[in-house]
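# Geometric and topological summary
What follows is the residue order along each chain.
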Amino acid sequence: EKVSVQKLGDMPVYFTAYQQYQNLRPQKISKDFDVTSYFLQDGSQAAFLKAASPTILRVEVEARADAEYVMVEVPIPAGCSYERKPQSFWGVETHREYFKNKTSIFCAKLKQGKYVFDIELMPRYNGKYILNPAKAEMMYFPVFYGREAIKTIGIK
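Okay, so let's go over this structure. Since the structure is predicted, the reported quantities are computational estimates derived from the model, not experimental observations. (Residues numbered from 1 in each chain as written. Predicted model: local features only at pLDDT ≥ 70, side-chain atom pairs only at ≥ 80, totals over all residues. Heavy atoms only, no water.)

## Some remarks on the sheet that holds strand 12 (residues 145-147)
Rule in force here: At least two DSSP bridges between two strands are needed for those strands to be called paired. For helices the rule is a DSSP run of H or I covering at least 4 residues; for strands it is a run of E covering at least 2, with both sets numbered from the N terminus onward. For helices, the axis comes from a line fit to the C-alpha atoms of the stretch in contact; other axes are also lines fit to C-alpha atoms, and the angle between any two N-to-C directions lies between 0 and 180 degrees.
The strand order 7-8-5-11-12 describes an open sheet built from five strands, whose pairing is antiparallel. The two strands at the open ends of the sheet, each matched to only one other strand, are strand 7 (93-98) and strand 12. The sheet shows a mean angle of 15° between the axes of neighbouring strands, direction not considered. Across four bridges, strand 5 (residues 67-75) lies against strand 11 (residues 135-138) in antiparallel orientation. Its bridge partner lying in strand 11, E73 is registered against K135.

Below you can see the structure in the form of structure tokens.
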């Protein structure tokens, strides 16, 4: 809908407007970062997951240029839980936050190049699940980002 604002008087007014919406079919975007995610089980890439068998959710991020203060958000499928929650104290990672629905990985600096992040999962419940897109964005300039497309994963 159209928004109109009118100001009367001499004092300044600070006004902010924004819009949010749900993107039901997010497509892959590879502008500033190229993000790819896939599952590894028993040492190879898996099209479906075996329940009760440890799995790695691997996210590959390619930074197209040097970037500072980058956050990589990796959604976790509903049928999985964390196998382990390690913190990396070397390399490009500054900190990781493990939430029940996603993992956030913080990097103070990413030089132009390719980086790999692994998340250890345990598939628990049989079914077909939606994996929301993983994304990488600059925390203070979120218009510089890249994301994966929405996917589905089966657990048997």
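Once the structure has been displayed, the description carries forward.
## So, the layout of surface pockets
Empty space among the atoms becomes apparent when a probe as large as a water molecule is rolled across them. Note the threshold: Cavity: a set of points on a 1 Å grid over the protein atoms alone where a 1.4 Å probe fits but cannot get out. Pocket: an open set with protein on both sides within 12 Å along at least five of seven lines, its lining residues, like those of a cavity, having an atom within 4 Å of a point. Grid points are joined across faces, edges and corners, and a volume is the space filled by probe spheres set on the points. Charged residues are taken to be Asp, Glu, Lys and Arg, nonpolar residues to be Ala, Val, Leu, Ile, Met, Phe, Trp, Tyr, Cys and Pro, and polar residues to be all remaining types, Gly included.
Here the largest pocket is characterised by a volume of approximately 390 Å³. Elements that contribute at least two residues to the lining of the largest pocket include exactly strand 5, strand 11 and strand 12. The element that contributes the greatest number of residues to the lining of the largest pocket is strand 5, accounting for three residues. When its residues are assigned to classes, the lining of the largest pocket shows seven nonpolar, three polar and five charged.

## What to know about the environment of P54
Our working definition: Residue contacts follow a heavy-atom distance rule, with two residues in contact if any of their heavy atoms lie within 4.5 Å.
Checked against the element boundaries, P54 lands in the loop between strand 3 (48-49) and strand 4 (55-63). Sequence spacing of P54 and E83 is 29 residues, and the spatial spacing of their C-alpha atoms is 7.0 Å. Beyond its immediate chain neighbours, meaning those up to four positions away, P54 contacts Q41, L121 and M122.

## Side note on the side chain of E60
Selection criterion: Partly exposed describes any residue whose relative accessible area lies between the buried limit of under 20% and the exposed limit of over 50%, with all areas from a 1.4 Å probe on protein chains only and scaled to the type maximum. Any pair of N or O atoms that falls within 3.5 Å is considered a polar contact. Within protein, one atom must be able to donate a hydrogen and the other to accept it, and sequence-neighbouring residues count only if both atoms are side-chain atoms.
Inspection of the secondary structure puts E60 in strand 4. Classification of E60 by relative accessible area gives buried; the value is 17%. A polar contact is formed between the side chain of E60 and the side chain of Y38, at a distance of 2.6 Å. Excluding residues that lie within four positions of it along the chain, E60 makes contacts with D34, V35, T36, Y38, K114, Y115 and V116.

## What to know about a nonpolar patch on the surface
This is how the line gets drawn: Nonpolar side chains (Val, Leu, Ile, Met, Phe, Trp, Tyr) within 5 Å and like charges within 9 Å form the patches, drawn only from residues with over 30% relative accessible area and no salt bridge. The method behind every accessible area is Shrake-Rupley, applied with a 1.4 Å probe, and residues are considered shielded solely by the protein chains displayed. Salt bridges are counted wherever a side-chain nitrogen of Lys or Arg sits within 4 Å of a carboxyl oxygen of Asp or Glu.
A grouping of Y69, Y140, F141, V143 and F144 is seen on the molecular surface, where their side chains present a nonpolar patch of about 570 Å² in accessible area. Note that Y69 resides in strand 5.

## Comments concerning the nonpolar core
We count it as follows: Only buried residues count toward a nonpolar core, which is a set of Ala, Val, Leu, Ile, Met, Phe, Trp, Tyr and Cys residues joined through side-chain atoms within 4.5 Å.
Counting 31 residues, the largest nonpolar core has F33, V61, V72 and L121 as its most contacted members. Sequence-distant contacts of V72, that is, excluding residues within four places in its chain, are made with V59, V61, T103, S104, I105, F117, K135 and A136.

## Overview of the pairing of strand 13 (residues 151-155)
For a regular strand, the rule is simple: side chains alternate between the two faces of the sheet. By the bridge criterion, two bridges tie strand 3 to strand 13 in an arrangement that is parallel. Residue pairing across strands places L49 opposite I155, the latter belonging to strand 13.

## Looking at the pairing of strand 4
Across eight bridges, the pairing between strand 1 (residues 33-41) and strand 4 is antiparallel. Of the residues in strand 4, the one forming a bridge with L40 is I56. Pairing of strand 4 with strand 9 (residues 113-123) involves nine bridges; the strand directions are antiparallel. From the neighbouring strand, T55 faces strand 9, where its bridge partner is L121.

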